[in-house]
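# Structural overview for review
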Amino acid sequence: MALASVTFFALALIAIASAVGVLIARSPIYSALSLVLNLLCVAGLYLTMNASFIGVIQILVYAGAIMVLVLFVIMLLNLDALPSPSDIGWTPILGFVVGVGLLAQLLYVTLAGLGISLEPTEPVTTAMTVENGSADTLGRMLFTEYALHLQVAAILLLAATIGAVMLAQRRFA
């Protein structure tokens, strides 16, 4: 097995373990730190697939800036009094999981009925990955083909930031 494959599977296993750690950690700080490890592993997965720009952006934006904000919010809210796992009603959670599964099946059957294939039309090669993963190609796609999506995401982030500031002001006022 090649070194890249071994690295990929090792990072994938660590990412899965850290995702489980996010869910089962008792402390919100440990959960956030497990999420940082998960995001770093995902960045490593991008790097093993020759998508270096996306991997570096993953580290800078998500593992760096976003997680620092999450840690500040956790410390600001003082989440010491969390409910114990025995207090959580598992019926709504099970209903949600079953509902998502049924929705996924319904979407798959609907797309298959419309003749829309979920399989790629042509095989993805390493050269295509390197070409489409460059900063130039991503920038052109973001500001031309996906400009509306980018603006909607920016407005959502702005609204979330304003909401967080207003909640913090009300708490300390």
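Quick summary incoming for the structure in this document. Small disclaimer: the values here were computed from a predicted structure and weren't measured.

### Details of the overall build of the chain
Along its length, the chain carries seven helices and zero strands. Each helix and strand of the chain, ordered N terminal to C terminal, gives the series α-α-α-α-α-α-α. Buried residues in the chain amount to 16% of all 173 residues. Residue pairs in contact within the chain that sit at least 24 positions apart in sequence constitute 56% of those at least 6 positions apart. Here the chain displays about 13,100 Å² of accessible surface, and carbon together with sulfur accounts for 75% of that area.

### Considering unusual backbone geometry
In the Ramachandran plot, asparagine 50 falls in the positive-phi region, its phi being about 65° despite a non-glycine side chain. Along the polypeptide, asparagine 50 turns up in the loop between helix 2 (28–48) and helix 3 (52–77). Looking at asparagine 50, the relative accessible area reads 40%, which means it is partly exposed.

### Description of the nonpolar core
Membership of the largest hydrophobic core is limited to seven residues, which are Ala32, Val36, Leu39, Ala63, Met67, Leu71 and Ile74. The element that contributes the greatest number of residues to this core is helix 3, accounting for four residues. Here leucine 39 is in contact with Gln58, Tyr62, Ala63 and Met67, once residues within four sequence places are set aside. Counting five residues, the second-largest nonpolar core is a separate cluster that includes Leu11, Ala12, Ala15 and Cys41.

### Description of helix 2
The end-to-end C-alpha distance of helix 2 is 30 Å, a good match for the 30 Å that 21 residues give at a rise of 1.5 Å each. When we look at burial in helix 2, the residues that qualify are Pro28, Ser31, Ala32, Ser34, Val36, Asn38, Leu39, Cys41, Ala43, Gly44 and Leu45. Among the structural elements, helix 1 (3–24) and helix 3 are those in contact with the buried residues of helix 2.

### Details of helix 1
An ideal rise of 1.5 Å per residue puts 32 Å on 22 residues; helix 1 measures up with 31 Å between its terminal C-alpha atoms. Taken as a whole, helix 1 has its buried residues at Leu11, Ala12, Ala15, Ser18 and Gly21. On its buried face, helix 1 is in contact with helix 2.

### Focus: the environment of leucine 71
Mapped onto the secondary structure, leucine 71 falls in helix 3. In this structure the C-alpha to C-alpha distance between leucine 71 and serine 31, which are 40 residues apart in sequence, comes to 10.0 Å. Residues in contact with leucine 71, not counting those within four places in the same chain, are Ile29 and Ala32.

### Let's talk about the side chain of serine 34
Inspection of the secondary structure puts serine 34 in helix 2. Excluding residues within four positions of it along the chain, serine 34 makes contact with Ser18, Gly21 and Val22.

### Observations concerning the side chain of serine 31
Here serine 31 shows up in helix 2. A distance of 2.8 Å separates a polar atom in the side chain of serine 31 from the backbone oxygen of valine 22. Setting aside anything within four residues of it in sequence, one finds serine 31 in contact with Val22 and Ala25.

### A short note on a nonpolar patch on the surface
Together, Leu47, Phe53, Val56, Ile57, Leu60, Val61, Tyr62, Ile66, Val68, Leu69 and Phe72 make up a nonpolar patch on the protein surface, roughly 950 Å² of accessible area in all. At ten residues, the largest contribution of residues to the nonpolar patch is made by helix 3. Residue position: valine 68 is located in helix 3. Among the residues examined, valine 68 registers a relative accessible area of 41% and is labelled partly exposed.

### Observations regarding the packing of helix 2 against helix 3
How two helices pack is summed up by the angle between their axes together with the distance between the axes. Packing of helix 2 against helix 3 leaves a shortest axis separation of 8 Å and a crossing angle of 175°. In terms of orientation, helix 2 and helix 3 fall into the roughly antiparallel class. Of helix 3, the residues touching helix 2 (which contributes Pro28, Ile29, Ala32, Leu35, Val36, Leu39, Leu40, Val42, Ala43, Tyr46 and Leu47) are Ser52, Ile54, Gly55, Gln58, Ile59, Tyr62, Ala63, Met67, Leu71, Ile74 and Met75.

About the thresholds
Residues numbered from 1 in each chain as written. Predicted model: local features only at pLDDT ≥ 70, side-chain atom pairs only at ≥ 80, totals over all residues. Heavy atoms only, no water. Helix = DSSP H or I, 4+ residues; strand = E, 2+ residues; numbered from the N terminus. Buried < 20%, exposed > 50% of the residue type's maximum accessible area, 1.4 Å probe, protein only. Contact = heavy atoms within 4.5 Å. Areas by Shrake-Rupley, 256 points an atom, 1.4 Å probe, with all protein chains shown as cover. Core = buried A, V, L, I, M, F, W, Y, C linked by side-chain atoms within 4.5 Å. Expected span 1.5 Å × (residues − 1). Polar contact = N/O pair within 3.5 Å; in protein donor to acceptor, adjacent residues only side chain to side chain. Patch = residues over 30% accessible without salt bridge, like charges linked within 9 Å, V, L, I, M, F, W, Y side chains within 5 Å. Salt bridge = Lys/Arg side-chain N within 4 Å of Asp/Glu carboxyl O. Axes fitted to C-alpha atoms, helices over the stretch in contact; angles between N-to-C directions. Parallel < 35°, antiparallel > 145°, perpendicular 65-115°, else oblique.

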